[in-house]
Amino acid sequence: MMMKIIGGLLVISASGLLGIVFSYRLSLRYKEITNLRRFIQMLETEVIYGATPLPAALRNISNKAEGYLRRFFLKISEGLIDRSYYTVGDAWADSAETVLMQSSLQRSDIELIKSFGNILGCSDREDQKKHFQLFYLQLKHQEDAAMEEIKKSAKMYRSLGFLLGAAVFVILA
Amino acid sequence: MDVNLIFRIAAIGIVITVINKVLYQSGREEMAMMTTLAGVVVVLMMVISLVSNLFDSVRTMFHL
C-alpha cells in the first residue's frame, strides 16, 4: 500500500513537471525572440551609425548578451576573425544551426534568422537599414505568434501534465 | 467482483472529464474527443471480462 502511494506520487509529479517544462519552454521561446530583436537593434546601431566592422560589432554584442545568444554571436565573430568561412552568411548559418538549435527557438525562427545572415554585410548602409527594418517586422510577427501560442497552450500543458499523471496512476493502481 | 473496480472507473471518469474540459477550453475540440474515446476504451477493457462473465452465467442459468 505504501509502495503504491509512493509510486503514484512519483508518476503524478513526474508528468506534472513535464507539463511545467513544456509550458516553460513556450515562454522561453518568446523571451529569446524578444532578446534577439534587442541585440539585432544594437547590431544595427553598430553597423549603421558606428560603422564598426562586423566581427568587432558582433563581439561587442556578444559581451552584452548572455546564454545561447551570447554563444551565437561569439561563434560568428570568432569564425569571421579566424577566416574559417567564405562569407558572413555561411558563418551566420552555421552558428545558427549549431548554437540556436539547442535553444527553445523553433525551426521557423531559425530559418528566418539564417535568411537574415545572407544579407548582412553585403550592401551599403541604406540598403542594410532597410533589411534590418524588414527583419524587425518578421521577428515581431514571430514574437506575436509565440505570444499567441503561450496564451493558448501554456496553461493547458501545465494542467494536462498533472491530469495525465493522475489518469495513469488511476489506470495502473 | 470487488467494489474497487467501481471506484477506479469513477476516478477515470472524473479525470477524463477534467481533461476534456481543459482541452475544450484551449480550443482543441478534436483532441478532447480523442481523450473521451480513449477513456471509454480503457473502461471497456476493464469491464469486458465482467460482461463476458455475466453472459456466461446467464447462458448456464437458462441452459442455452
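Residues numbered from 1 in each chain as written. Chains lettered and ligands numbered in written order. Predicted model: local features only at pLDDT ≥ 70, side-chain atom pairs only at ≥ 80, totals over all residues.

**Quick notes on the overall build of chain B**
- Within chain B, the secondary structure is distributed over 2 helices and 0 strands.
- Since a compact globule built from 64 residues should have a radius of gyration of about 11 Å, the 16 Å found for chain B marks it as more spread out than a globular shape.
- Each principal axis of the C-alpha distribution contributes one length, and for chain B these read about 55 × 25 × 10 Å.
- Per-residue burial over chain B gives 9% buried out of 64 residues. (Helix = DSSP H or I, 4+ residues; strand = E, 2+ residues; numbered from the N terminus. Rg over C-alpha atoms; globule rule 2.2 N^0.38 Å. Buried ≥ 20, exposed ≤ 12 C-beta atoms within 10 Å, placed from the backbone.)

**Here's the deal with the interface of chain B and chain A**
- Contact residues are listed per partner, giving 11 residues for chain B and 10 residues for chain A.
- Among the residues forming the side of chain B that touches chain A, the class breakdown is 8 nonpolar, 2 polar and 1 charged. (Contact = placed C-beta atoms within 7 Å. Nonpolar A, V, L, I, M, F, W, Y, C, P; charged D, E, K, R; others polar.)

**Observations regarding unusual backbone geometry**
All names here are of chain A.
- Notably, Ala 51 is not glycine yet its phi reads approximately 50°, a positive angle.
- You will see that Arg 83, though not glycine, has its phi angle at about 60°, which is positive.
- Inspection of the secondary structure assignment puts Arg 83 in the loop between helix 3 (68–82) and helix 4 (88–98).
- Accessibility expressed as a C-beta count within 10 Å gives 9 for Arg 83, which makes it exposed.

**What to know about the packing of helix 1 (residues 2–49) of chain A against helix 2 (residues 54–64) of chain A**
Residue and element names in this part refer to chain A.
- Their axes nearest at 10 Å, the elements helix 1 and helix 2 cross at an angle of 145°. Our pair here, helix 1 against helix 2, has a crossing hand that is right-handed. Within the contact between the two elements, helix 1 uses Phe 39, Met 42, Leu 43, Glu 46 and Val 47 and helix 2 uses Ala 57, Asn 60, Ile 61 and Lys 64.
- Taken together, the residues of the contact of helix 1 with helix 2 break down into 6 nonpolar, 1 polar and 2 charged. (Axes fitted to C-alpha atoms, helices over the stretch in contact; angles between N-to-C directions. Left-handed = near helix turned anticlockwise from the far one by under 90°.)

**A short note on helix 1 of chain A**
Residues and elements named next belong to chain A.
- With 48 residues, helix 1 extends 69 Å between its outermost C-alpha atoms, agreeing within 8% with the 70 Å of an ideal straight helix rising 1.5 Å per residue.
- Within the span of helix 1, buried status applies to Ser 15, Gly 19, Ser 23, Arg 29, Tyr 30, Glu 32, Ile 33, Leu 36 and Val 47.
- Next to the buried residues of helix 1 lie helix 2, helix 3, helix 5 (107–119) and helix 6 (125–172).
- A positive backbone phi angle near 50° is found at Ala 51, which sits one or two residues after helix 1. (Expected span 1.5 Å × (residues − 1).)

**Some remarks on the packing of helix 6 of chain A against helix 1 (residues 3–25) of chain B**
- Across the interface, helix 6 of chain A lies against helix 1 of chain B with an axial gap of 10 Å and an inter-helix angle of 165°. Considering the angle they form, helix 6 of chain A stands roughly antiparallel to helix 1 of chain B. Crossing of helix 6 of chain A over helix 1 of chain B shows left-handed handedness. Residues Met 156, Ser 159, Leu 160, Leu 163, Ala 166, Ala 167, Val 170 and Ile 171 of chain A of helix 6 of chain A form the contact with helix 1 of chain B, whose own contacting residues are Arg 8, Ala 11, Ile 12, Val 15, Val 18, Ile 19, Val 22 and Leu 23 of chain B.
- The residue makeup of the contact of helix 6 of chain A with helix 1 of chain B, split by class, is 14 nonpolar, 1 polar and 1 charged. (Parallel < 35°, antiparallel > 145°, perpendicular 65-115°, else oblique.)

**Details of the nonpolar core**
- With 26 residues, the main nonpolar core has Phe 73, Ile 76 and Trp 92 of chain A as its most contacted residues.
- Mapped onto this core, the elements with two or more residues apiece are helix 1, helix 2, helix 3, helix 4, helix 5 and helix 6 of chain A.
- Ignoring anything within four residues of it in the chain, the contact list for Ile 76 of chain A reads Leu 58, Ala 91, Trp 92 and Ser 95 of chain A.
- Core analysis: the second largest hydrophobic core is formed by 11 residues, Leu 163, Ala 166 and Phe 169 of chain A together with Leu 23 of chain B among them. (Core = buried A, V, L, I, M, F, W, Y, C linked by C-beta atoms within 7 Å.)

**What to know about the confidence of the model for chain B**
- Mean pLDDT over chain B works out to 90, with 98% of the residues at or above the 70 mark.
- This prediction of the complex comes with two scores: 0.73 for pTM and 0.78 for ipTM. (pLDDT = per-residue confidence, 0-100.)

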